[in-house]
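Residue strings, one per chain:
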Amino acid sequence: MKSLLIKSAIASGIVLSLATVTRPVMAASFSVTIENAGVQNANLSNLVNAHVETFDGETQGYSSTGFQWNEGAKNIGSYQNTLVVNADQYGGAGGKDKYFDVDTNRSGNGQKVSTLNLQSPQSYFGLWWSAGDANNVMTFLSQGQTVFSMTTADVVSYIANLPNKDSYYGNPNSTFKNQNTGEPYAFINIYDVGGTFDQIQFTNVGGTGFESDNHTIATGYKSITGDVVTTVPESSSVLGVLAIGFVGATSVMTRRVKKNSVLQLS
């Protein structure tokens, strides 16, 4: 038995070493914030080289090939596997024009993930997140490697604990005022501190939608604005690897299966 424990410990140590060495290069940290209730645009005065996609000029409906994000003659990037919807109670900044969605039911094509490929590295992304629920996921990649992944469950939980939480619920625009009061509406900022990303994947888990508008990118920013929902330092990814390795060793020694909830940056 003693020999088995020693071997297990050694094996776990090797796994930990390999995992730490081979993990993707990570950004220093990511900070997620939300703006005040009713805000539907990024704070552009705080951003450097900012660009905004409103989706108003895009064709309504689902497209597997997506569309190019252009500003005049400049190509900002391209979207793939997209669904563009006319404004309704669930989305459309200002209560008009169009918005972006990831919705299996609406697309009719089993759409679960949409991708934004950027022409150059960015350090900020913001979006007006409407008809929010806990099933939305955003994954940020740099040169094909995941540097950060977040679920909107954290945002839902944060808003639910605010003293003015009611001001975030229901469509804030006059056209659809106070419709869909069971879901929050907020502008979310995601800051990559000390690193960059060049691709974003939008995923919706389950049968709900991932409605958003005014996608905003920037190569830099002057400060982190808004109310901080969460900050994820690079060290969290290392701790996640160590925790998993430790639990793995423990489960071998005790011969019991244990379930974990560990925050990982893939």
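Residues numbered from 1 in each chain as written. Predicted model: local features only at pLDDT ≥ 70, side-chain atom pairs only at ≥ 80, totals over all residues. Heavy atoms only, no water.

J.: What is the right way to look at the sheet that holds strand S14 (residues 197–204) in this model?
T.: Strand pairing in a sheet relies on backbone hydrogen bonds, with the paired strands running either antiparallel or parallel. As summarised here, the arrangement of the 6 strands in space is S5-S6-S9-S14-S11-S12, forming an open sheet in which the pairing is antiparallel. Of all strands in the sheet, those with a lone pairing partner are strand S5 (67–71) and strand S12 (145–151), marking the two edges. Taking the axes of each pair of neighbouring strands and ignoring which way they run, one obtains an average angle of 20 degrees across the sheet. Relative to S12, strand S11 (residues 136–142) runs antiparallel, the two sharing 6 bridges. In the strand pairing of S12, Thr139 is matched with Ser149. (Pairing = 2+ DSSP bridges. Helix = DSSP H or I, 4+ residues; strand = E, 2+ residues; numbered from the N terminus. Axes fitted to C-alpha atoms, helices over the stretch in contact; angles between N-to-C directions.)

J.: Help me understand the nonpolar core, please; the structure alone is not making it clear to me.
T.: Across soluble globular proteins, nonpolar side chains show a tendency to be buried alongside one another. Of all hydrophobic cores here, the largest spans 35 residues; its most connected members are Phe125, Met138, Phe140, Ile190 and Phe202. Filtering out sequence-adjacent residues up to four positions away, Ile190 remains in contact with Phe30, Ser31, Val32, Ser123, Tyr124, Phe125, Leu127, Met138, Phe140, Phe148 and Met150. In this structure, Leu47, Trp128, Ala131 and Phe187 belong to the second largest nonpolar core, which totals 10 residues. (Core = buried A, V, L, I, M, F, W, Y, C linked by side-chain atoms within 4.5 Å. Buried < 20%, exposed > 50% of the residue type's maximum accessible area, 1.4 Å probe, protein only. Contact = heavy atoms within 4.5 Å.)

J.: I tried to follow the side chain of Ser78 on my own but got confused; where do I start?
T.: Within the secondary structure layout, Ser78 lies in strand S6 (residues 74–80). Taking the relative accessible area as the measure of exposure, Ser78 reaches 16% and is therefore buried. With sequence-adjacent residues up to four places away left out, Ser78 is seen in contact with Phe67, Gln68, Trp69, Thr115, Leu116 and Asn117.

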